[in-house]
Amino acid sequence: MKKIKITKYLTILMALLLVTACSSDSASSDSATKPLADFSFTNDGSTFTFTNLSTNGTKYRWDFGDLYYLSNDKDPVYTYKIGGEIKVSLTVTNDAGEESFITKTITAPRIIIIDIKIDGKFTDWDDVAVTDQNTSGNGSIQKIKIWAGGPNVNVYLEGNKKMLMELVDMYINTDGNTKTGFLHSNWPEGSGAEFLFEGPVVTDGWGQFYNHTDPNGGWGWAGIAGSGVNLKASGIVSLNDTTNAMEFSIPKSQLGTLGSSIGIAITEMTSGWAAVANFPEGPKFSTLQL
């Protein structure tokens, strides 16, 4: 009788050991196929490239943390419309429906919203970088900012008290090529103006725009009738005892198809056509990459 009981207990024990071994093998197998979420990222400004480092995944779901967009791509590229610290989440799923989840914090650059209004109030230029400036302190115009976001090319000028803009020849390179258009000797390393504005820089003045017409880069221009009214200007504003400033805009439609950059150079004159100064002083036009 005791022998039967011992045999029974041994049978039960062996069964338990077998179940445990099978369970251990199954757990080990499951662990080997479970997904594990991970990713890295790089950025160029507000555009982030996400590299998926997950294992055992067959489906991916990205939440970019800005309430705008989700992605199922393995390695997505995403451009943010907001800045600051943002939590990005990745959910990885395998063929068995098992999931793994990870969240990382990225820092997107601050989004600068620039809305230029030609009103003689210059605080809307605060976030626009200086495009060019004179370093000698001579001349009249000392600083230029160019902003070409939106439908207009907007320009801010700052100078000393000699900057009155009573009359100018303003040369504009619109195709990004400094070897085509009017090749001005004052800026021998980079001019190529497709357009000229001549006249006082005031709204509804008698000035007008001209198209360049000489294929050899010489002085040849055709007036564009009625075009002067398209230049919208604030007029000269005194900032302090030593500094004047002004702003103006030109519709992009006035300048045709823009290339990779826009360049501007100005010869300022008095109302009697006497020379005041050239801006910029350097050998090239003041140029903004578009």
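Residues numbered from 1 in each chain as written. Predicted model: local features only at pLDDT ≥ 70, side-chain atom pairs only at ≥ 80, totals over all residues. Heavy atoms only, no water.

Engineer: Which parts of the structure should I look at to understand the sheet that holds strand S1 (residues 39–44)?
Structural biologist: Strands pair in a sheet through their backbones, by hydrogen bonds, and they do so in one of two ways: parallel or antiparallel. Taken together, the three strands give an open sheet; going across it, the order is S1-S2-S5, and neighbouring strands pair in antiparallel fashion. Strands with a single pairing partner mark the edges of an open sheet, and in this sheet they are S1 and strand S5 (77–79). The average angle at which neighbouring strand axes cross in this sheet is 25°, direction not considered. (Pairing = 2+ DSSP bridges. Helix = DSSP H or I, 4+ residues; strand = E, 2+ residues; numbered from the N terminus. Axes fitted to C-alpha atoms, helices over the stretch in contact; angles between N-to-C directions.)

Engineer: I'm lost on the confidence of the model for the protein in this one. Help?
Structural biologist: Note that predicted coordinates carrying low pLDDT should not be read in detail. Summary statistics for the protein give a mean pLDDT of 90 and a share of 89% for residues scoring 70 or more. Every residue in residues 1–6 scores below 50 in pLDDT, and together they form zero contacts with partners more than four places removed in sequence or on other chains. Segment residues 16–29 is flagged for pLDDT under 50; beyond a separation of four residues in sequence, or across chains, it makes zero contacts in the model. (pLDDT = per-residue confidence, 0-100. Contact = heavy atoms within 4.5 Å.)

Engineer: Is there a simple way to think about the side chain of Asp124 in this case?
Structural biologist: By the secondary structure assignment, Asp124 is in the loop between strand S7 (99–108) and strand S8 (132–133). Put simply, Asp124 is tucked away with no salt bridge, and the nearest opposite charge, on Lys117, sits 6.3 Å away. Within the structure, the side chain of Asp124 is placed 2.9 Å from the backbone nitrogen of Lys117, a separation counted as a polar contact. For Asp124, the contacting residues outside a window of four places in its chain are Ile114, Asp115, Ile116, Lys117 and Glu247. (Buried < 20%, exposed > 50% of the residue type's maximum accessible area, 1.4 Å probe, protein only. Lys, Arg positive; Asp, Glu negative; His and termini not counted. Salt bridge = Lys/Arg side-chain N within 4 Å of Asp/Glu carboxyl O. Polar contact = N/O pair within 3.5 Å; in protein donor to acceptor, adjacent residues only side chain to side chain.)

Engineer: Would you mind going over the sheet that holds strand S3 (residues 59–63) with me for this structure?
Structural biologist: Spatially, four strands are ordered S4-S3-S6-S7 in an open sheet, and the strand pairing comes out antiparallel. Either end of the sheet is taken by a strand with one partner, and the two such strands are strand S4 (70–71) and S7. Of the pairings in the sheet, the one linking S3 to S4 comprises two bridges and is antiparallel in character. Bridge pairing in S4 links Asp63 to Leu70.

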